[in-house]
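# Chain and residue survey
Listed below are the residues making up each chain.
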Amino acid sequence: MSDTIAGLIERRFGLPTRAGQDQPASGTVAGMLARRSQRRFKPDPVAEETLEIVLAAALSAPAKSDLQQASIVVIREAAQRSAINGLVESMPWIPQAPLFLVFCGDNRRIRRIAELRDKPFPNDTLDMFMNAAVDAGIVLQAFITAAESLGLGCCPISLIRNRIERLGELLALPEGVFPVAGLCVGHPEGAGKLSLRLPPSITVHTDRYDASRFDSELAAYDARRAKAEPAEPGKQRFTERWGLAEPYTWSEDKARQYSVPERHSFGPYVRKQGFALK
Ligand SMILES: Cc1cc2nc3c(=O)[nH]c(=O)nc-3n(C[C@H](O)[C@H](O)[C@H](O)COP(=O)(O)O)c2cc1C
């Protein structure tokens, strides 16, 4: 672990900075800079009290219009857990994690409140759907930050949405509710891997959006990342179609990942869950 905040920023982006040179690497920001998804867990369970605390912290997150449109399903029954584990077989960290939760966007409550209060609800819009998805995402991240600050490790799992119909059935999700992501939680086994982020020159804009240097900045990021995190042998995607690349860069990997249709069942599922997305 680097000694200063600047050191942590440099590790995160692979670029020098002066920001935080005099600040020790401790506290919330240091934890956020050093965080990584954990995919290896000790078998020790997460204590109930810890879970209750982390859930309370997560649910303290801001929420659009105070509607509080996130719901969290904590998977407890062994049979339910093995059914969820069985949805995706390519990720051994899902069955290995002592605790698994599913974070959902929940528009059902405001719809029900409209009925209970005998009011119209002329808001079956894409904006309404997005608000619920964003609320769930913010609660997910708040959960991760709280859990990590207590020494736990987490890995979000959107792959379970590949089996969205079955997942919805298993969780008995009513109309207006949809899964955003699962989350593996547990005590980390090992340090995990820090992944280099796109530079702020790409992701942070001043006054107005500017992509004029994107292509060259991307090439530089690809080179930095290929050096810091060289692709493991055998990990290149779709080599039968695209061959072996050297170096196998982040952008090559992402372009290959999305060169095939992914998760086209989600839109129909969301509509089936009662969203018109107008
Ligand atoms: C909404 C969401 C869904 C994700 N789904 C998966 C997943 O299905 N499987 C997985 O192993 N990691 C998943 N991740 C973790 C990302 O792969 C990870 O955050 C990314 O590679 C950056 O690495 P880091 O979190 O270690 O910085 C997901 C992350 C988010 C935010």
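Up top is the structure these notes are about.
In short, a report on the structure.

Reading the values: rules and limits
Throughout, residues of each chain are indexed from 1 in the direction in which the sequence is written. Only residues with pLDDT of 70 or above have their local features reported here, since the model is predicted, and side-chain atom pairs are shown and tallied only from 80 upward, although totals for entire chains, interfaces and linings are computed over all residues. Think of it this way: any DSSP run of H or I at least four residues long counts as a helix, any run of E at least two long counts as a strand, and we number them from the N terminus. With C-alpha atoms as the basis for the radius of gyration, the globule rule is written as 2.2 Å multiplied by the number of residues raised to the power 0.38. Residues are called buried when their C-beta atom has 20 or more other C-beta atoms within 10 Å, exposed when it has 12 or fewer, and partly exposed otherwise; all C-beta atoms are positioned from the backbone. Note that contacts rest on C-beta atoms placed from the backbone: two residues are in contact if these are within 7 Å. Contact assignment follows one rule, namely that a residue is near a molecule or strand if its backbone-placed C-beta atom lies within 6 Å of it. For this classification, Asp, Glu, Lys and Arg are treated as charged, while Ala, Val, Leu, Ile, Met, Phe, Trp, Tyr, Cys and Pro are nonpolar and the rest, including Gly, are polar. Between any two strands, pairing holds if DSSP finds at least two bridges. Geometry is summarised by axes, namely lines fitted to C-alpha atoms with helices restricted to the contacting stretch, and by angles between N-to-C directions that run from 0 to 180 degrees.

### Here we look at the overall build of the protein chain
Per the secondary structure count, the protein chain includes 13 helices and 4 strands. Relative to the compact-globule value of 19 Å for 278 residues, the protein chain shows a C-alpha radius of gyration of 21 Å, a close match. Along the longest, intermediate and shortest principal axes, the C-alpha atoms of the protein chain span 60 × 45 × 45 Å. For the protein chain, with 278 residues in total, the buried portion stands at 24%. Considering only contacts within the protein chain whose residues lie at least 6 apart along the sequence, 75% involve residues at least 24 apart.

### With respect to the site of the ligand
Close to the ligand lie R36, S37, M91, C155, P156, I157, S158, L159, A181 and S195. Sorting elements by how many residues they give to the shell around the ligand places strand β3 (residues 153-157) first, with 3 residues. For the shell around the ligand, the residue count by class is 6 nonpolar, 3 polar and 1 charged.

### Comments concerning the environment of R111
Of note, R111 is situated in helix α6 (residues 108-116). Owing to 18 C-beta atoms within 10 Å, R111 belongs among the partly exposed residues under this scheme. Separated by 60 residues in sequence, R111 and L171 place their C-alpha atoms 20 Å apart. The contacts of R111, once residues within four sequence positions are left out, are F121 and G176.

### Let's talk about the sheet that holds strand β4 (residues 177-186)
Spatially, β1-β2-β4-β3 is the arrangement adopted by the 4 strands of the open sheet, whose pairing is antiparallel. Lying at the two open borders of the sheet, with one neighbouring strand each, are β1 (70-75) and β3. Across the sheet, the mean angle separating the axes of adjacent strands is 25° when strand polarity is ignored. Where helix α7 (residues 126-149) meets the sheet, its contacts fall on β1, β2 (99-106), β3 and β4, and the angle it forms with β2 comes to roughly 150°.

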